[in-house]
Amino acid sequence: MRRSIRERADAVFPSLPIDGITDTKVVIIGAGQAGLSTAYHLVRLGLRPGVDVHVIDRGPSTGGAWQHRWSALRVGDAHRIHDLPGMSETGLSFESAPHDEPARDVVRRYYDAYERHFGLEVIRPATVVAVESPASSFTTADAAPRPGFLVTVRTEDGLLKYRSAVVVNASGTWHRPRIPAVAGRDVFEGRQVTTPEYSEASEFAGQRVAVVGAGTSALGFLDELSAAGAHTEWFTRREPVFADSGSDLGRDRALAAVQRQDEAAKAGRRLPSIAGSTGLPRTARVRRLEGRGALRRRPMFARLVSDGAVTTDGIHVPLDAVLWATGFDAELDHLDQLAMDTSRGGIPVYDGESVDKPGLFLAGYGPQASTIGANRAGRAMAKEIMTRLG
Ligand SMILES: Cc1cc2nc3c(=O)[nH]c(=O)nc-3n(C[C@H](O)[C@H](O)[C@H](O)COP(=O)(O)OP(=O)(O)OC[C@H]3O[C@@H](n4cnc5c(N)ncnc54)[C@H](O)[C@@H]3O)c2cc1C
């Protein structure tokens, strides 16, 4: 049964008062690449940050999901990080960013400079706990029914509420790692770690570790773990395809992956995994892994048992740990009360806007889930939002 906003807020933070409602034009949920890009374009088109547009972010620091990534990850390790729009004005560019420093520190610093330079006034740490439209279950006395959305935010000092004509959800995927339904996950007695839980390769030195997944994160883990003295086994569902960067094969696969994402988003289906579907760039790391003999892929195992995995042809592979680098789902729990159609595993989104709830935009969702996709989404959405706002 759906709970009212008051009940939901009480469950999260029982003793805090709900302050008055702030009227605004746009609330942006998330200050990663997608949220910041949208905020930048809206401000450039005339909205006032902190007045007409409020950016809310849960992270304790700047950097979006990057602030949480593991320390060995460097800028350019996975793919290119595209500069945010207008970033050259800050004198910074990811093109010339240091490669000897954790990417999380670099991105944190660059986003911080960006937010300050453009005065984006991001509110953090602040978590959006619910978004509702007046027609849904909002029940408190002070909510006059108006078109738009009611957004409830939990902060360290209490609960804030915004009444907003438009909501841009740019909440990313980092806290929703996807783990495939594999038999025996509950009987395996070793350690199981997802990408957001991974911290240091040295923790696995001397251990037998299965890395599952066919994306660039999986390759990074194989590299770090094998260099740190772990014995790695690499399992993927499909045969990975390596492509020289800039090659037709790499471009074709990237375009096909974006198209698959777009089709699923439009149909409201669960978004397909990007991991492995874009092809793997043949980088120095790949050659290093080949040289070390750590790039021998096995087909996905059939099941886990207490002390390892059993392959489809019945071979027992002893394991101390399994590292699931198997992609992510969109983080959308805070939109539950909008009661959108989720019957096909996702929510229907057409050109970045919810089909069920016009005025709810999803930036960085599906086909936009890359730094360049997020940049483009921000520009297109800002134009569309300004038209709607008249
Ligand atoms: C390991 C890894 C490496 C990657 N490397 C690259 C790369 O090199 N190049 C590239 O183009 N892409 C890369 N990507 C994809 C990359 O994550 C995206 O391109 C981009 O950074 C995502 O930006 P975003 O704004 O959509 O999401 P995020 O960066 O995840 O930002 C979402 C923000 O929303 C906030 N948030 C979430 N829920 C709430 C809530 N309820 N209330 C308030 N705030 C909330 C979060 O705290 C977060 O700050 C990588 C992904 C992974 C997993």
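Above this text is the structure in question.
Anyway, here's the lowdown on the structure attached to this text.

What counts and what doesn't
Residues numbered from 1 in each chain as written. Predicted model: local features only at pLDDT ≥ 70, side-chain atom pairs only at ≥ 80, totals over all residues. Heavy atoms only, no water. Helix = DSSP H or I, 4+ residues; strand = E, 2+ residues; numbered from the N terminus. Buried < 20%, exposed > 50% of the residue type's maximum accessible area, 1.4 Å probe, protein only. Contact = heavy atoms within 4.5 Å. Areas by Shrake-Rupley, 256 points an atom, 1.4 Å probe, with all protein chains shown as cover. Near = heavy atom within 4 Å. Polar contact = N/O pair within 3.5 Å; in protein donor to acceptor, adjacent residues only side chain to side chain. Arc of directions from axis to C-beta. Pairing = 2+ DSSP bridges. Axes fitted to C-alpha atoms, helices over the stretch in contact; angles between N-to-C directions. 1 Å grid on protein atoms, 1.4 Å probe; cavity = no way out; pocket = protein on both sides within 12 Å on 5 of 7 lines; lining within 4 Å. Points joined across faces, edges and corners; volume = space filled by probe spheres on them. Nonpolar A, V, L, I, M, F, W, Y, C, P; charged D, E, K, R; others polar. Salt bridge = Lys/Arg side-chain N within 4 Å of Asp/Glu carboxyl O. Parallel < 35°, antiparallel > 145°, perpendicular 65-115°, else oblique. Left-handed = near helix turned anticlockwise from the far one by under 90°. Core = buried A, V, L, I, M, F, W, Y, C linked by side-chain atoms within 4.5 Å. Domains from an automatic or database assignment. Expected span 1.5 Å × (residues − 1).

### A look at the overall build of the protein
Within the protein, the regular secondary structure consists of seven helices and 18 strands. In the protein, buried positions account for 51% of the 390 residues. Within the protein, contacts between residues at least 6 apart in sequence are counted, and of these 70% link residues at least 24 apart. When the accessible area of the protein is evaluated, it comes to approximately 17500 Å², of which 49% is carbon and sulfur surface.

### What to know about the site of the ligand
Taken together, 31 residues surround the ligand, and among them A34, D57, H79, V128 and T371 come closest. Contact distances for the ligand include 2.9 Å between a nitrogen atom and a backbone N or O atom of V128. For the ligand, the accessible surface in isolation is 990 Å², of which the surrounding protein chains cover 91%. Looking at the shell around the ligand, the elements with two or more residues in it are α2 (33-44) and β3 (126-132). Looking at which element gives the most residues to the shell around the ligand, the answer is β3, with three residues.

### Re helix α6 (residues 284-292)
Residues R285, V286 and L289 constitute the buried set of α6. What you see down the axis of α6 is that its buried residues fit within an arc of 100°, all on one side. At its buried positions, α6 is contacted by α4 (216-227), β9 (242-243) and β10 (280-281).

### Observations concerning the sheet that holds strand β14 (residues 316-318)
Sheet architecture is open: three strands sit in the order β12-β13-β14, paired in antiparallel fashion. Edge positions in the sheet fall to β12 (303-305) and β14, since each of these pairs with one other strand and no more. Averaged over all pairs of adjacent strands, the angle between strand axes in this sheet comes to 30°, irrespective of strand direction.

### Brief notes about empty space enclosed by the protein
Evaluation of the coordinates by the stated rule reveals one cavity of 30 Å³ or more. Quantified by volume, the largest cavity comes out at close to 30 Å³. In this structure, the largest cavity is lined by W66, L73, R74, V75, G76, D77, A78, H79 and I81. Residues that form the lining of the largest cavity fall into these classes: five nonpolar, two polar and two charged.

### Remarks on the pairing of β3
Here β3 lies mainly inside the structure; seven of its seven residues are buried. In terms of strand pairing, β3 meets strand β4 (residues 149-155) through six bridges, oriented antiparallel. Its bridge partner being in β4, A130 is matched across the sheet by T152.

### Digging into the pattern of salt bridges
The tally for this structure, following the rule as stated, stands at 25 salt bridges. Residue D333 pairs with R176 through a salt bridge whose shortest N-O separation is 2.5 Å. Highlighted residues: D333 in the loop between β15 (321-324) and β16 (349-350) and R176 in the loop between β5 (158-169) and β6 (191-194), separated in sequence by 157 residues. Given the relative accessible area of 40%, D333 is considered partly exposed. Residue classification places R176 among the partly exposed residues on the basis of a relative accessible area of 28%. Between E290 and R282 there is a salt bridge whose closest N-O contact spans 3.4 Å.

### Focus on the packing of α2 against helix α3 (residues 103-117)
Contact pair α2 / α3: the axes reach a minimum separation of 11 Å and the direction vectors enclose 20°. One way to sum up the angle between α2 and α3 is to call them roughly parallel. Remark: the crossing between α2 and α3 carries left-handed chirality. Contacts between α2 and α3 involve Q33, L36 and Y40 from the former and Y111, Y114 and E115 from the latter. Looking at the contact of α2 with α3 residue by residue, the classes come out as four nonpolar, one polar and one charged.

### A word on the nonpolar core
Counting residues in hydrophobic clusters, the biggest one holds 62 residues, and the most contacted among them are V26, F94, V168, Y198, L219, L225 and W234. If you tally residues by element for this core, the top one is α3, at six residues. Here this core spans two domains, since at least three of its residues come from each of domain 1 (5-174 + 329-389) and domain 2 (191-240 + 279-324). With sequence-adjacent residues up to four places away left out, V168 is seen in contact with V26, V27, I28, I29, T38, F361, A363, M381 and I385. Counting 23 residues, the second-largest nonpolar core is a separate cluster that includes Y162, V167, A265 and L332.

### Quick notes on helix α7 (residues 371-389)
Spanning 19 residues, α7 covers 27 Å between terminal C-alpha atoms, matching the ideal 27 Å at 1.5 Å per step. Of all the positions in α7, only T371, G373, A374, N375, A377, G378, M381, A382 and I385 are classed as buried. Positive phi appears at G390, one or two residues downstream of α7, with a value of about 75°.

### Points about the sheet that holds strand β8 (residues 231-236)
The sheet built from five strands is open, its strands ordered β6-β15-β7-β8-β11 with parallel pairing. Looking at strand neighbours, the two that pair on one side only are β6 and β11 (297-299), the edges of this open sheet. Recorded for the sheet is a direction-independent mean angle of 25° between the axes of neighbouring strands. Looking at chain direction, β6 and β15 are connected through four bridges and run parallel. Directly across from Q192, in β15, lies its bridge partner V322. Contacts from α4 reach β7 (208-212), β8 and β15, with the element oriented near 165° to β8.

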